[in-house]
Amino acid sequence: MSAIQDKLAGQIPALREEIKTLVKEHADQVISQVTIKQAYGGVRGVKCLVCDTSEVPPDKGLLIRNTPVGELADRLPEEILWLLLTGELPSADELKDLQDDLRARAKVPQYVWDVLEAMPKDSHPMAMFDTAILVMQKESKFVQAYNTGVTKPDYWVYTLEDALDIIAKLPAIAAGVYRLRFNKGPRIDNDTSLDWSSDYVHMLGMGDSGGKFTEAMRLYFVLHSDHESGNVSAHTTACVNSALSDLYYSLSAGLNGLAGPLHGLANQECLNWILEVKEKFGGVPTDKQLEEFAWETLKSGKVIPGYGHAVLRITDPRFTAFLKWSKENIGDDETVQMVAKVYDVVPGVLKQVKKIADPWPNVDAGSGAILYHFGLTEFPYYTVLFSVSRALGVCSQSVMARAMGWPIERPKSIPTSWIKAQVK
Ligand code: HAX
């Protein structure tokens, strides 16, 4: 038994008991109501999902297992995975066990590369990445166990197996997609002496003599790892998983949602917008020029990518962590300076648009400038990196959902005629 499986096996019985008692004793207590506006408005703000891996208070931003994400900025993604699953940071031995376990599962089957190589050369990197996950479905240990009669209390064990198998392979798949899609030459094999993010940078093949790119990628993978369970990618993963579809099905489904421009694809759009500004004004613009450009974007009916949020009502602490790192490490970079300038100017513009609930930057507003600085200039690739990281959170959520034995999701829909009858 691996250390993570052992740890969870120790924790899960008490968690199950706690939730069972909570539901039994307070089954009918109302925790949220739904208005007609919410029913037509993307179910915004309705409290009807449970997620214990992380929480996003609108006035605080991301807490991973109650710890503000900014306080986790120096951690390894593997430590975050342990934290997401268990609620605790790992000891040195536990971390080593998890890293060894991931290394042992890291080899990507050849047929994945055959499928990716057969895809059209102009496929979106997200379509390639999600296809790679889906095509490995036949490897699912959950399906094998289910078909041979494993019982419900043990579903989580095999979901954890699938989660670790998938997460271990994501750096190689992401690096392989990059090299294939952007003609960077042959794939580079894993280096099993490296940690999860360092191995990714190694397989990307862009070099990192000062170690700063690797540091940036570690930060990137930590900051994007989870954001409670109501966002499109997490909720889709959870919903598909609730049908007892395995994680290959459910994670690829969720990441297809991350590929939308209002969600994870915003990071590709965001840098694009910043570079458009730079090009138009031949460098960093004045505040007035930037303000005018922001209004132009809004008046043309487009959103300003990287700004606004469905839940947050403050500057996203993940943006703050990226900006701090950028200023400290690559502060001379003109694109980083642009990100800081946009942060000075754009909230003032968005505040004047009444309908916009949150004028502040979200995680996507600053991450692209860092990637761009280190020569990762292919914007359509950026959401793949978001996906590698977000898999840590949504896979952990799925393992815990199986551990708690949550049922298949089935909210009730109603037709407009029913709503009209209610308001009569
Ligand atoms: N620029 C222009 N208009 C914006 C805006 C922005 N940055 N943010 C919100 N609005 C608009 C909305 O489009 C909406 O307009 P309509 O009513 O005409 O459709 C109105 O303001 C009200 O929206 P809201 O209540 O403030 O925000 P929502 O919860 O509906 O949407 C979004 C949240 C993140 C989708 C939205 O702020 C947005 O489109 N932002 C830009 C895209 C972006 O950065 N997305 C990434 C978000 C973080 C994330 O999930 N990363 O993966």
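To start, this report covers the structure provided alongside it. Since the model is a prediction, treat every value here as computed from it, not as a measurement. (Residues numbered from 1 in each chain as written. Predicted model: local features only at pLDDT ≥ 70, side-chain atom pairs only at ≥ 80, totals over all residues. Heavy atoms only, no water.)

## Concerning the sheet that holds strand β1 (residues 54-55)
- Taken in spatial order, the 3 strands make up an open sheet running β1-β2-β3, and their pairing is antiparallel. Taken across any chain shown, the strands that pair with only one partner, and hence form the sheet edges, are β1 and β3 (67-68).
- For strand β2 (residues 63-64) and β3, the ladder comprises 2 bridges, and the chain directions are antiparallel. Across the sheet, residue Ile 64 finds its bridge partner in β3, namely Thr 67. (Pairing = 2+ DSSP bridges. Helix = DSSP H or I, 4+ residues; strand = E, 2+ residues; numbered from the N terminus.)

## Description of the packing of helix α5 (residues 110-118) against helix α6 (residues 125-135)
- Relative orientation of the contacting elements α5 and α6 amounts to 140°, with a least axis distance of 10 Å. In terms of their interaxial angle, α5 and α6 are classed as oblique. Remark: the crossing between α5 and α6 carries right-handed chirality. On the side of α5, the interface is formed by Tyr 111, Val 112, Val 115 and Leu 116, while α6 contributes Met 128, Thr 131, Ala 132 and Val 135. (Axes fitted to C-alpha atoms, helices over the stretch in contact; angles between N-to-C directions. Parallel < 35°, antiparallel > 145°, perpendicular 65-115°, else oblique. Left-handed = near helix turned anticlockwise from the far one by under 90°. Contact = heavy atoms within 4.5 Å.)

## Thoughts on the pattern of salt bridges
- Scanning all chains against the criterion turns up 20 salt bridges.
- Between Glu 117 and Arg 187 there is a salt bridge; the shortest N-O distance is 3.1 Å. With Glu 117 in helix α5 and Arg 187 in the loop between α8 (155-181) and α9 (196-204), this pair connects stretches of sequence that are 70 residues apart.
- Residue classification places Arg 187 among the partly exposed positions, given a relative accessible area of 35%.
- One salt bridge in this structure joins Lys 288 and Glu 292, with 3.4 Å as the shortest N-O distance. Of this pair, Lys 288 and Glu 292 both sit in helix α14 (residues 287-299), separated by 4 residues, roughly a single helical turn.
- Connected through salt bridges with shared partners, the residues Asp 101, Arg 105, Lys 141, Glu 161 and Asp 165 form a single ionic network. (Salt bridge = Lys/Arg side-chain N within 4 Å of Asp/Glu carboxyl O. Buried < 20%, exposed > 50% of the residue type's maximum accessible area, 1.4 Å probe, protein only.)

## Comments concerning the side chain of Arg 318
- For Arg 318, the location among the structural elements is in helix α15 (residues 317-330).
- By relative accessible area, which is 2% here, Arg 318 ends up buried.
- A polar contact of 2.6 Å, which involves the side chain of Arg 318, links it to the side chain of Asp 316.
- Not counting residues within four places of it along the chain, the set of residues in contact with Arg 318 comprises Leu 62, Val 69, Leu 223, His 227, His 309, Val 363 and Arg 390. (Polar contact = N/O pair within 3.5 Å; in protein donor to acceptor, adjacent residues only side chain to side chain.)

## Considering the site of the ligand
- In the vicinity of the ligand, 20 residues are found, and the nearest of them are Ile 304, Gly 306, Tyr 307, Lys 355 and Ala 357.
- A distance of 3.0 Å separates an oxygen atom of the ligand from a polar side-chain atom of Arg 44.
- Tyr 307 places a main-chain nitrogen or oxygen 2.7 Å from a nitrogen atom of the ligand.
- Protein coverage of the free-state accessible area of the ligand, which is 900 Å², stands at 74%.
- A breakdown of the residues in the shell around the ligand according to their chemical character gives 11 nonpolar, 6 polar and 3 charged. (Near = heavy atom within 4 Å. Areas by Shrake-Rupley, 256 points an atom, 1.4 Å probe, with all protein chains shown as cover. Nonpolar A, V, L, I, M, F, W, Y, C, P; charged D, E, K, R; others polar.)

## Notes on the packing of aromatic side chains
- If you walk through the whole model with that rule in mind, you get 17 aromatic pairs.
- Where Tyr 200 meets Phe 221, the ring centres are 5.6 Å apart and the plane angle is 75°; that geometry is what we call edge-to-face. With Tyr 200 in helix α9 and Phe 221 in helix α10 (residues 212-223), the pair connects residues that are 21 residues apart, well separated along the chain.
- A network of ring pairs unites the aromatic residues Trp 196, Tyr 200, Tyr 220, Phe 221 and Phe 322 as a single cluster.
- Its end group placed over the ring of Phe 142, Arg 402 keeps NZ or CZ at 4.3 Å from the ring centre. (Phe/Tyr/Trp six-rings, centres within 6.5 Å; stacked < 30°, edge-to-face > 60°. Lys NZ or Arg CZ within 6 Å of the ring centre and 35° of its normal.)

## Regarding α15
- An ideal rise of 1.5 Å per residue puts 20 Å on 14 residues; α15 measures up with 19 Å between its terminal C-alpha atoms.
- Of the residues making up α15, those classed as buried are Pro 317, Arg 318, Phe 319, Ala 321, Phe 322, Leu 323, Trp 325, Ser 326 and Ile 330. (Expected span 1.5 Å × (residues − 1).)

## Regarding the nonpolar core
- With 112 residues, the main nonpolar core has Leu 8, Phe 129, Tyr 200, Met 217, Trp 273, Tyr 381 and Leu 385 as its most contacted residues.
- Considering each element in turn, this core owes the most residues, 15 residues, to α8.
- Beyond its immediate chain neighbours, meaning those up to four positions away, Tyr 200 contacts Pro 171, Ala 174, Ala 175, Met 217, Phe 221, Tyr 381 and Leu 385. (Core = buried A, V, L, I, M, F, W, Y, C linked by side-chain atoms within 4.5 Å.)

## Some details on a nonpolar patch on the surface
- Taken together, the side chains of Ile 36, Tyr 40 and Val 423 define a hydrophobic patch exposed on the protein surface, amounting to about 310 Å² of accessible area.
- Residue position: Ile 36 is located in helix α2 (residues 36-40).
- Owing to a relative accessible area of 39%, Ile 36 belongs among the partly exposed residues under this scheme. (Patch = residues over 30% accessible without salt bridge, like charges linked within 9 Å, V, L, I, M, F, W, Y side chains within 5 Å.)

## A closer look at unusual backbone geometry
- Unlike most non-glycine residues, Asn 66 shows phi in positive territory, near 75°.
- Mapped onto the elements, Asn 66 comes out in the loop between β2 and β3.
- Taking relative accessible area as the criterion, Asn 66 reaches 63% and is therefore assigned exposed.
- Phi at Leu 244 takes a positive value of approximately 65°, unusual for a residue other than glycine.
- If you trace the backbone, Leu 244 turns up in the loop between α11 (232-242) and α12 (247-258).
- Residue Leu 244 is classed as partly exposed on the basis of its relative accessible area, which comes to 30%.

## Comments concerning the environment of Gly 42
- Within the secondary structure layout, Gly 42 lies in the loop between α2 and β1.
- The exposed category is assigned to Gly 42, whose relative accessible area is 51%.
- The spatial distance from the C-alpha of Gly 42 to the C-alpha of Lys 20 is 30 Å, given a sequence separation of 22 residues.

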